Amino acid sequence: MGNAGDDDTKRRRAIAPVAAKQDLTGIGAALAPPMFAVLVSRIFNWSRSGVGPRLLAAVLLFSSVVTLTLTALQLYLDYNREVGLIETRLDEIGRSTTGSLGESLWNLDQNQLKLQLDGILRLPDIRAAEVREIVDRPNPIRVEVGERNTRSIMTREFPLSTMVQGTSRAIGTLRVEATLTDVYQQLLNRALVILASQAAKTFLVSLFIIYMFHLLVTRHLVAIAEYVGKYSLGRPPPPLRLERRSPYEADELDKVVVAFNAMCANLEHAYGELREANGNLERDLKIRQRAEENARASEQRFRDYAETASDWFWETGPDHVFTYISDRADAFGMDHKALIGRRRSDAAFDRDAEPQKWRAHLATLDRHEPFRKFEYRGRDAAGRARHFSVNGRPVFSADGRFMGYRGSATDLTEQHETEERLRQSQKMDAIGQLTGGVAHDFNNVLTVITGTIEIIREGLADKPDLAAIAQLIDDAAARGAEITSQLLTFARRQPLEPREIDVNGLVLETAKLLKPILGGNVEIVTRLADDAWAAMADPSQLSSAIINLAVNARDAMAGGGTLTLETANRELDGAGDGEATCGAFVMVAVADTGHGIPADLRDRVFEPFFTTKGVGRGTGLGLSMVYGFAKQSGGSVAIESEEGRGTVIRLFLPRSAGGAQTRTGPLQAPAAARGHETILVVEDDPLVQGYVIAQLGSLGYRTLAAGDGATALALVQQGAQFDLLFTDIIMPGGMNGQELAEAVRRLRPGMRVLYTSGYTDNALDHEGHLGSGVALLRKPYRKADLSLRVREVLAGEPPAGAAGA
């Protein structure tokens, strides 16, 4: 209810002035004579706008400041006087009462002490008094009257003494408290009276001043303003006259009216002459306007033609220094103002790289000949390299003097960058095809080497010296297999097993593996996005890629440094980092604080066998493998590096669409790795075929052999019986392993198939990714790998009827 009352009060306060404005005239007419009502109405209407309110505000503000200052000074003086009276009273109490109080205290007369203190308490402004005995005995005398306070008080303490054997001895103290509350209340009442009276006086005086100012000045200024606003030279009104009593002598307003009427007469006279001149000028303006419109149209037509053929214009003086560059150059990263006063050669950075081209261009300029499509490289305002093409024609004065050049420029940076990306992509694809073919043949050789070396090692178990040599051969073959795997990854011929993975979790697990690899002088920092998407990629290949990048970063930080692993979500539009296409990607970045990569080597770091390390310190396949893995996974890779400031390599992996099933591990093979089933071996390499047949035979399997797909399919059509088709993927004769498997399953639904290959060349579809239910044994493989994989496939569930691999 209290709030409602407050709201009603506020509402009444808000409405009251409006009502007063509407009914002021009526109220005045009812309560005062008609003349007073008219006067009040005029004052009110006049005060709503114009100089009056400002004058009133100024008078009120100045009067208020003066009043407050004088009031504050008066209160200060009154306060000092009142406080002085209280201090005098306290001093008087000390002089007049300490003797008698000391005598009463010496006599231990507490009643007398209380009577004397009550007498002190009855004095004005005294609120409390206390006598305290100073003695070294229990329960000293203490008499107190009045109510003590802690605010707005003045306190005095007086020593009480007595004469003992002619010597003054202190026996106690008198404490007196005086209050200032009454002083403050009196000052407050006095301030309110002064302010109220001064405010009323100031308001009345201000109203009188503004009324007189309106009566003598502002109403006549309004009349002058209305006359000026309605004045027309075409139909001039009568001279201006003010409605007022004529003063004894002409005042300022009369002088203004006389001067204004004289000015109007002069204007009317000049208007006739101006009207005649305007007629002549109007005819001239029409002729000039048509000429300017034609000139503007011609100039705009020229600019439209020129800007369609180029990006911006330029002009130079006879010394070939730029004197003008159109502001459209700023749209291409240039600062056209900064280029004024410089030569073209000053802004170029390819003069030393192509001196012959620049000598020929400068010779053309010296001969004052036109030139077209002169291309050079420069830098924009941000320091980025750009490619320009310029055309120019010499300019000569009427007397044949050479004035400089005038021409246009075109920014070819985007075109050059596109061409360079295309050349780089074509080069990487060509290298990939070459390395993939080499790796395929090399894997066949390694398959035989790694398999036969096992047999040799078993036969040399009792000859340690020869067994050690065999182990060296085995280690070399394993190293060759690792290099071949990296080549296949770069060439995008390595079969991948992509799945939906938690990138943050994989990065954290890989970081744990990196600590012993990188050493104690490299600090590993992770910056993982809390909302990182799941990615679709092969987790083992991604982990290997991160390790490769981390090892390269360690080698770039010889004295130690910081390795940063970062993840983030990115929406790419095809024009950003690397060669990424449009779509949603998960970014995995590996950054170091090493020495960085020179600009002339940055575009070659992903080429196989290219390395800046010393001989024997690297194969140059680490970054190639990362590049191939990213491209084969449907993503991209980008590098950012600057000498002395480290390197950042970013992998962009496609975001998982969700719903992908996690691939389960292989079925457990029976305890015995041997078997008795029949296996059809299809292998075009005789060495590999002989090795496989020998190894399967040693494991107890019966084998059938074919050198190509057509021969194998003929055996099936002739009724040959077998339990497993073990086929190479890449074979001559027009039929690869996948096509053979599909043909066999059409004849014998449910046939189990085990593929083998040194590389896929996308023969298994899915862009090199293994599909569901596809079993693959990668070359090179050992006897144990062959035994385990064969048992897994034979022991597993048979595939659906005629389903393709």
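Numbering of residues starts from 1 in every chain and runs along the sequence as written. Reporting in this predicted model follows two pLDDT cut-offs: at least 70 for local features of residues, and 80 or more for side-chain atom pairs to be given and counted; totals over whole chains, interfaces and linings ignore these cut-offs and use all residues. Hydrogens and waters are ignored; side-chain quantities use all the structure's heavy atoms.

**Description of the overall build of the chain**
Helix and strand counts for the chain come out as 18 helices and 21 strands. Categorising residues by exposure relies on relative accessible area from a 1.4 Å probe, with only protein chains included: less than 20% of the type maximum marks a residue as buried, more than 50% marks it as exposed, and the intermediate range marks it as partly exposed. For the chain, with 805 residues in total, the buried portion stands at 37%. Contacts were defined at the residue level, with two residues in contact if any of their heavy atoms lie within 4.5 Å. The long-range share in the chain, meaning contacts at least 24 apart out of those at least 6 apart in sequence, stands at 66%. Counting from the N terminus, the helices are DSSP H or I runs at least four residues long and the strands are E runs at least two residues long.

**Some remarks on the packing of helix α12 (residues 503-518) against helix α13 (residues 539-556)**
Interaxial distance between α12 and α13 falls to 10 Å at its minimum, and their mutual angle equals 40°. Judged by the inter-axis angle, α12 sits oblique to α13. Between α12 and α13 the crossing geometry is right-handed. For the pair α12 and α13, the contacting residues are L506, V507, T510, L514, I517 and L518 in the first and P539, L542, S543, I546, I547, A550, V551 and R554 in the second. Gly falls in the polar group here, along with every residue not listed as nonpolar (Ala, Val, Leu, Ile, Met, Phe, Trp, Tyr, Cys, Pro) or charged (Asp, Glu, Lys, Arg). Among the residues forming the contact of α12 with α13, the class breakdown is 11 nonpolar, two polar and one charged. Here the axes come from fitting lines to C-alpha atoms, over the contacting stretch only for helices, and the angles between their N-to-C directions go from 0 to 180 degrees. Geometric relationships in this document are graded by angle, where less than 35 degrees denotes roughly parallel, more than 145 denotes roughly antiparallel, 65 to 115 denotes roughly perpendicular, and other angles denote oblique. Crossing handedness is read from the near helix: turned anticlockwise from the far helix by less than a right angle, it gives a left-handed crossing, and turned clockwise, a right-handed one.

**With respect to the pairing of strand β18 (residues 702-706)**
Of the pairings in the sheet, the one linking strand β17 (residues 678-682) to β18 comprises five bridges and is parallel in character. Across the sheet, the residue bridging to L680 is L704, located in β18. Look down the strands so they point away from you; if the path from the first strand over the helix to the second goes clockwise, the crossover is right-handed. Handedness of the β-α-β unit built from β17, helix α15 (residues 686-698) and β18 comes out right-handed. A pair of strands is treated as paired once DSSP finds two or more bridges between them.

**Some details on the environment of T647**
Of note, T647 is situated in strand β16 (residues 647-654). A sequence separation of 56 residues divides T647 from A591, and the C-alpha atoms of the two residues are 5.7 Å apart. Each residue touching T647, except ones within four places of it in the same chain, is listed here: V590, A591, D592, G596, I597, I639, E640 and S641.

**Digging into the packing of aromatic side chains**
Only rings of Phe, Tyr and Trp enter the pairing, Trp through its six-membered ring, and a pair is recorded when the two centres are within 6.5 Å. The plane angle decides the type: under 30 degrees is stacked, over 60 is edge-to-face, the rest tilted. Using the criterion set out here, one finds 12 aromatic pairs in the structure. Ring plane angle 45° and centroid distance 5.5 Å describe the contact between W312 and F332, whose orientation is recorded as tilted. Taken together, the residues W312 in strand β5 (residues 312-316) and F332 in the loop between β6 (322-325) and α7 (336-339) connect sequence positions 20 residues apart. Their ring planes at 75° and their centres at 5.8 Å tell us that F402 and Y405 sit as a pair that is edge-to-face.

**Some words on the side chain of E177**
Residue position: E177 is located in strand β4 (residues 167-179). In contact with E177, other than residues within four places in its own chain, are D125, I126, R127, A128, R148, N149, I153, M154 and T155.

**With respect to the pattern of salt bridges**
Criterion for a salt bridge: a side-chain nitrogen of Lys or Arg within 4 Å of a carboxyl oxygen of Asp or Glu. Throughout the structure, instances matching the rule amount to 22 salt bridges. Of the charged contacts, one joins R95 and E92 as a salt bridge, the two residues approaching to 2.6 Å between their closest N and O atoms. Note that R95 and E92 are positioned in helix α3 (residues 51-106) at a spacing of three residues, about one turn of the helix. On the accessibility criterion, E92 (40% relative accessible area) is partly exposed. The shortest N-O distance in the salt bridge between R175 and E177 comes to 3.0 Å. Residue R175 shares its accessibility class with E177, and that shared class is buried. When salt bridges with common partners are traced through the structure, they connect E130, R132, R142 and E144 into a single cluster.

**Details of a nonpolar patch on the surface**
Each patch is assembled from residues with relative accessible area greater than 30% and no salt bridge, linking like charges that lie within 9 Å and nonpolar side chains (Val, Leu, Ile, Met, Phe, Trp, Tyr) that lie within 5 Å. Here the accessible surface of atoms and residues is derived via Shrake-Rupley with a 1.4 Å probe, and residues count as covered only by protein chains that are part of the display. A cluster of nonpolar side chains, F62, V66 and L70, forms an exposed patch at the surface whose accessible area comes to about 310 Å². Within the secondary structure, V66 sits in helix α3. In this structure V66 comes out as partly exposed when scored by relative accessible area, which is 33%.

**Observations regarding the sheet that holds strand β3 (residues 153-164)**
As summarised here, the arrangement of the four strands in space is β2-β1-β4-β3, forming an open sheet in which the pairing is antiparallel. Both outer strands of the open sheet, β2 (142-146) and β3, are each paired with one neighbouring strand and no more. Across the sheet, the axes of successive neighbouring strands diverge by a mean angle of 15°, strand direction being ignored. Two strands pair when backbone bridges link them, and strand β1 (residues 126-133) and β2 are joined in this way by five bridges, in the antiparallel orientation. Among the inter-strand pairings, V131 is bridged to a residue of β2, identified as V143.

**So, the sheet that holds strand β20 (residues 752-757)**
Ordered in space as β18-β17-β19-β20-β21, the five strands form an open sheet in which the pairing is parallel. The sheet is open, and its two edges are formed by β18 and β21 (776-778), each paired on a single side. If you compare each strand with its neighbour and ignore which way they point, the axes differ by 20° on average. For β17 and strand β19 (residues 724-728), the ladder comprises four bridges, and the chain directions are parallel. Counted as the bridge partner of V681 is F726 from β19. Lying over the sheet, α15 contacts β17, β18 and β19, oriented at roughly 170° with respect to β18.

**Observations concerning the environment of E243**
With respect to the secondary-structure elements, E243 resides in the loop between α5 (181-230) and α6 (252-309). Counting along the chain gives 24 residues from E243 to R219, while the straight-line C-alpha distance between them is 9.8 Å. When neighbours within four sequence positions are excluded, E243 is seen to be in contact with R219 and H220.

**With respect to the packing of α15 against helix α18 (residues 783-795)**
At a closest axis distance of 11 Å, the pairing of α15 and α18 adopts a crossing angle of 65°. In terms of orientation, α15 and α18 fall into the roughly perpendicular class. In this structure, α15 meets α18 at a crossing whose hand is right-handed. Touching Y691, Q695, L696 and S698 of α15 are K783, L786 and V790, all from α18.

**Focus: the confidence of the model for the chain**
Per-residue confidence for the chain averages 75 on the pLDDT scale, and 73% of its residues sit at or above 70. Looking at any residue, its pLDDT shows the predictor's confidence there, from 0 to 100. For the chain, helix α1 (residues 2-31) is the element with the lowest average pLDDT, namely 39, and β17 is the one with the highest, namely 91. Predicted confidence is poor over residues 765-769, with pLDDT under 50, and the contacts of this stretch with residues over four places away or in other chains come to 15 contacts. Counting interchain partners and residues more than four positions distant, the pLDDT-below-50 stretch residues 799-805 has 16 contacts.

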